[in-house]
Amino acid sequence: MADPRTEEIAANLQEVRERIAGACRDAGRDPDEVTLVVVTKTWPADDVVRLAGLGVRDVGENKDQEASPKAAATEGLGLTWHFIGQLQTNKAASVARYADVVHSVDRVELVTALEKGAAKADRTVDCLVQVSLDPDAPPGRGGAHATEVAQVAAAIADAPHLRLRGVMGVAPVGADPAPAFAILAEALASLRATYPGLDVMSAGMSDDLEQAVAAGATHLRVGSSILGSRAPRG
Ligand SMILES: *Cc1c(COP(=O)(O)O)cnc(C)c1O
């Protein structure tokens, strides 16, 4: 008999998987094209272990100081770690040591820092260009603006220890996510003219995963629907 927390997570996970299956059915997509990344921020490493036991392979975190010890504590479980948060250049080398995919690459100086860290760790790190989906967002609030996307992508493509895989976006709060995800899909399509192998569109969270699947997302980043409302950060 599983402990109550494991049962809670298992039930939520089942519900989210059903939502994804339903969204794929509606969109005429194969659910195998969609990877669920469970966002474990604010939750303990024990929950990461529970998730692994429930068949989750992909987990996401948005702060290095929290992700780094959690990744170390769960080493050996074969998890793929996704770094999804705003990343300062001085944290890039640390992230490059454990992250398999960095979703939030939004400026050339961050590419330089990640490349340096990945080279030093003798690793290859998959990278997504985070595209700003909110035209009203002030610069520096996460996401490359349309005019910068190609430049950031080119920097990643040129970095020997980084692999350009696609794009990531966060729909603006309080607005219809569909037009925002359409902008992201368009950014991916236009990058594919130069990089035909790009295969990742990271979009969709607990509240808008259906719209993201409809827009073509390949990676959903889901936290609270699976683990509950955010625990206070310890
Ligand atoms: C926290 C977070 C998520 C998950 O959000 P939920 O609403 O809890 O599903 C997804 N993406 C990013 C970038 C996040 O920071």
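Procedures and definitions
Residues numbered from 1 in each chain as written. Predicted model: local features only at pLDDT ≥ 70, side-chain atom pairs only at ≥ 80, totals over all residues. Heavy atoms only, no water. Helix = DSSP H or I, 4+ residues; strand = E, 2+ residues; numbered from the N terminus. Rg over C-alpha atoms; globule rule 2.2 N^0.38 Å. Buried < 20%, exposed > 50% of the residue type's maximum accessible area, 1.4 Å probe, protein only. Contact = heavy atoms within 4.5 Å. Areas by Shrake-Rupley, 256 points an atom, 1.4 Å probe, with all protein chains shown as cover. Lys, Arg positive; Asp, Glu negative; His and termini not counted. Charge placed at Lys NZ, Arg CZ, Asp CG, Glu CD. Axes fitted to C-alpha atoms, helices over the stretch in contact; angles between N-to-C directions. Parallel < 35°, antiparallel > 145°, perpendicular 65-115°, else oblique. Left-handed = near helix turned anticlockwise from the far one by under 90°. Near = heavy atom within 4 Å. Polar contact = N/O pair within 3.5 Å; in protein donor to acceptor, adjacent residues only side chain to side chain. 1 Å grid on protein atoms, 1.4 Å probe; cavity = no way out; pocket = protein on both sides within 12 Å on 5 of 7 lines; lining within 4 Å. Sits in = over half its atoms within 2 Å of the grid points. Nonpolar A, V, L, I, M, F, W, Y, C, P; charged D, E, K, R; others polar. Salt bridge = Lys/Arg side-chain N within 4 Å of Asp/Glu carboxyl O.

### Quick word on the overall build of the protein
Counting secondary structure elements, the protein contains 9 helices and 8 strands. Relative to the compact-globule value of 17 Å for 234 residues, the protein shows a C-alpha radius of gyration of 17 Å, a close match. Projected onto its principal axes, the C-alpha coordinates of the protein cover approximately 50 × 40 × 30 Å. A burial count over the protein gives 51% of its 234 residues as buried. Nonlocal contacts in the protein, meaning residues at least 24 apart in sequence, comprise 58% of its contacts between residues at least 6 apart. As displayed, the protein offers around 10,900 Å² of accessible surface, 51% of which is attributable to carbon and sulfur atoms. Placing the 23 positive and 32 negative side-chain charges of the protein at their respective mean positions leaves the two points 5 Å apart.

### Let's talk about the packing of helix α1 (residues 4-27) against helix α2 (residues 45-53)
One way to put it is that α1 packs onto α2 with a least axis distance of 10 Å and a crossing angle of 55°. In terms of their interaxial angle, α1 and α2 are classed as oblique. In this structure, the crossing between α1 and α2 has a hand that is right-handed. Between α1 and α2, the contacting residues are R5, T6 and I9 on the first element and D47, R50 and L51 on the second.

### A word on the site of the ligand
The ligand sits among V39, K41, N62, I84, M168, M205, S206, R221, V222, G223, S224 and R230. Taking K41, its side chain carries an N or O atom lying 2.7 Å from an oxygen atom of the ligand. The contact in question runs from an oxygen atom of the ligand to an N or O atom on the backbone of S224, over 2.8 Å. For the ligand, the accessible surface in isolation is 390 Å², of which the surrounding protein chains cover 89%. At a threshold of 2 Å from the grid points, most atoms of the ligand map onto the largest pocket. In terms of residue class, the shell around the ligand is built from 5 nonpolar, 4 polar and 3 charged.

### With respect to the environment of V39
Within the secondary structure layout, V39 lies in strand β1 (residues 35-39). Considering only alpha carbons, one finds V39 and E61, 22 residues apart in sequence, at a separation of 5.8 Å. Those residues in contact with V39 that sit more than four places away from it in its chain are G60, I84, R221, V222, G223 and L227.

### A look at the pattern of salt bridges
Opposite charge on two side chains lets them pair, provided their charged atoms get close. Scanning the entire structure with this criterion turns up 14 salt bridges. Salt-bridge contacts for E66 lead to K70; the nearest nitrogen and oxygen are separated by 2.7 Å. With E66 and K70 both in helix α3 (residues 64-73), this residue pair falls 4 residues apart, about one helical turn. When sorted by exposure, E66 lands in the same class as K70, which is buried. Residues R165 and D126 are paired through a salt bridge, measuring 2.6 Å at the closest nitrogen-oxygen approach. With R165 in strand β6 (residues 162-168) and D126 in strand β5 (residues 125-130), this residue pair connects regions lying 39 residues apart in the sequence.

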